[in-house]
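Per-entry structural report
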Amino acid sequence: NNYKTKDRMKMLKKICNVLSVIVLIILAAIAALLFVPKIIGYGQYAVLSGSMEPNIHVGAVVIDKPFDPDEIDVGTVITYQISADTLVTHRIVAIDADNEVVTTKGDANDAEDASPVSYDNILGIYAFNVPYLGYISIYSKTPLGIAAICGVLVVVILLNFIPDILEEDKKEKEEKKKEK
């Protein structure tokens, strides 16, 4: 009976270790996807609307390489700033190189965007997107998101300490049995 309990404890410890490693790998992958593009000079922007559906979904993170006017053409997807706190990722439908402006349109929109975009307002050229990652960057700044992050950290910590806590409880119970 004592051997069964030891085997169960070993199995529990292995399961907790595997789960802990899986959670840490997932967290490291998310961190890499969020930080590596910034380190290499790329921009990243969370998609908040469905204007580029079905090619870029709401909740994705768009990764843009730095803007170079020589790399744009009709059909190129760009991210640009229309106000201090509003960014848009849309496709170029016309280029006026002489005036250094482009006309854009969201793939899901019926009409072109109302105003042409100056080269000065273009932040980057679309490289790729990571679906769903935008939700993390959007919600990690909210109280609920912060609580969720703390919850994940607590789970990782518990996965590392649960086997030790249970082992201590088992030792205490065994000592109490011996005393009787």
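Before any of the text, the structure's been laid out above.
Here the residue index of a chain counts from 1 through its sequence in written order. Local features in this predicted model are restricted to residues of pLDDT 70 or higher, and side-chain atom pairs are both shown and tallied only at a pLDDT of 80 or more, whereas totals for entire chains, interfaces and linings draw on every residue. Note that the side-chain values use all heavy atoms of the structure and ignore hydrogens as well as water.

1. A few points about the layout of surface pockets
The rule is simple: put a 1 Å grid over the protein atoms alone, call a set of points where a 1.4 Å probe fits but cannot get out a cavity, call an open set with protein on both sides within 12 Å along at least five of seven lines a pocket, and count a residue as lining if it has an atom within 4 Å of a point. Grid points are joined across faces, edges and corners, and a volume is the space filled by probe spheres set on the points. In this structure, the largest pocket occupies an estimated 600 Å³ of space. Listing elements by their share of the lining of the largest pocket, those giving two or more residues are helix H1 (2-39), strand E1 (43-46), strand E4 (86-96) and helix H2 (133-139). Note on conventions: DSSP H or I runs of at least 4 residues are helices, E runs of at least 2 residues are strands, and numbering of each starts at the N terminus. Per-element tally for the lining of the largest pocket: the top contributor is E4, with five residues. Three classes are used: nonpolar for Ala, Val, Leu, Ile, Met, Phe, Trp, Tyr, Cys and Pro, charged for Asp, Glu, Lys and Arg, and polar for all others, with Gly counted as polar. In terms of residue class, the lining of the largest pocket is made up of twelve nonpolar, eight polar and three charged. Estimated volume of the second largest pocket: approximately 300 Å³. Lining the second largest pocket are 13 residues, and of these Leu27, Ile30, Ile136, Ser140 and Ile149 lie nearest its centre. Of all the elements in the fold, those that place two or more residues in the lining of the second largest pocket are H1, H2 and helix H3 (143-179).

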